[in-house]
Amino acid sequence: MQLIHVLIGLVGSASAVDLYFHHSGDCSGASSVCSNMSPDRCCGVGRRDIYPSVAVRGIPTNWNLNCRGHFGGDCLFIRKAQNSNGANWVCLNDSTGWYSGIGYGFVNKKREPVPAGETGAPQEECVKPDLAILADGAQYDIAGLDEDAYNKFLDIVEANGVSADVPAEFDALRK
Ligand SMILES: *[C@@H]1O[C@H](CO)[C@@H](O)[C@H](O)[C@H]1NC(C)=O
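Residues numbered from 1 in each chain as written. Predicted model: local features only at pLDDT ≥ 70, side-chain atom pairs only at ≥ 80, totals over all residues.

Taken together, Gly25, Asp26, Cys27, Cys91, Asn93, Asp94 and Ser95 form the complete shell of residues around the ligand. Considering only residue class, the shell around the ligand consists of 2 nonpolar, 3 polar and 2 charged. (Near = placed C-beta within 6 Å. Nonpolar A, V, L, I, M, F, W, Y, C, P; charged D, E, K, R; others polar.)

And the structure:
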C-alpha cells in the first residue's frame, strides 16, 4: 500500500512541467504560468497574441520534449517549435510575433514535432494559467478567479508589475 503511494507520487512529480508566458521578449520578469501541465495539452490566454516570449520549465534532462509556442488565439497555430534535447528549460521567442498559447509533446512518442504553420492542440484541451509570478517574485494563485479579476491579474503581469501593484482584495491569493 505505502509503496504504491510512493510510486504514484514519483510518477506525479516526474511530469511537473510548467509552461510560462513572459511579459518580456527574453523569458524573464513577470509571468503567468500553467503549472504541472501534461503533454499535448494547450495552455492558452484566449484570442489575443499578448506575450512576446514563452518558456517550458522543469523539464527532466533525460526527456526530449518538442516545445511549442502558438499564436492566433490559444493554440491555433504554431509560431515556433524547438526540442529540449537535454535542457531543463526552453525559451521560445521570435521577432516574427507574439504568443497566445504554449504546449509540448514527447519527441518520437504520441506525435511527431509539428512544423511551423500547422495547427496545434485542439481548442477544447485548452486550460488557462493558474499562477501569476510578479517581477518581485511574489506568486498568486489565480485559478479560481472570475473573468474580470483574472484579466486584471494578466494586465499586472503584462506591465511587469510587482506585489505592490496588486489590489488588497487579492492578498489572500498570495502563496
Ligand atoms: C530571446 O531570448 C534571449 C535570451 O533568452 C535573448 O538573448 C534574445 O535577444 C531574445 N530574442 C528576441 C527576439 O527577443
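What follows concerns the pairing of strand 8 (residues 101-106). Most of strand 8 sits out of view: 5 of its 6 residues are buried. Taken together, the 6 bridges between strand 5 (residues 65-71) and strand 8 define a ladder with antiparallel strand orientation. Looking across to strand 8, one finds that Asn66 is bridged to Gly105. (Buried ≥ 20, exposed ≤ 12 C-beta atoms within 10 Å, placed from the backbone. Helix = DSSP H or I, 4+ residues; strand = E, 2+ residues; numbered from the N terminus. Pairing = 2+ DSSP bridges.)

Our focus in this paragraph is helix 2 (residues 147-158). In this model helix 2 runs 16 Å from its N-terminal to its C-terminal C-alpha over 12 residues, within 8% of the 16 Å that 1.5 Å per residue would give. Of the residues making up helix 2, those classed as buried are Phe153, Leu154, Ile156 and Val157. The buried side chains of helix 2 occupy one side of the element, clustering within an arc of 155 degrees when seen end-on. Across helix 2 from its buried face, at more than 90 degrees, point the exposed residues Glu147, Asp148 and Asp155. Those residues of helix 2 hidden inside the fold are in contact with strand 2 (31-37), strand 10 (131-133) and strand 11 (139-141). At the exit of helix 2 stands Asn160, carrying a positive phi of roughly 55 degrees. (Expected span 1.5 Å × (residues − 1). Arc of directions from axis to C-beta. Contact = placed C-beta atoms within 7 Å.)

Moving on to the sheet that holds strand 7 (residues 89-93). Think of a sheet as strands paired side by side through backbone hydrogen bonds, with each pair either parallel or antiparallel. In space, the 6 strands of this open sheet follow the order 7-4-1-2-10-11, with antiparallel pairing throughout. The two strands at the open ends of the sheet, each matched to only one other strand, are strand 7 and strand 11. Recorded for the sheet is a direction-independent mean angle of 20 degrees between the axes of neighbouring strands. Two strands pair when backbone bridges link them, and strand 10 and strand 11 are joined in this way by 3 bridges, in the antiparallel orientation. Along strand 11, the bridge assignment pairs Ile133 with Gln139. Packing of helix 2 onto the sheet brings it into contact with strand 2, strand 10 and strand 11, and relative to strand 2 it is tilted by some 115 degrees. (Axes fitted to C-alpha atoms, helices over the stretch in contact; angles between N-to-C directions.)

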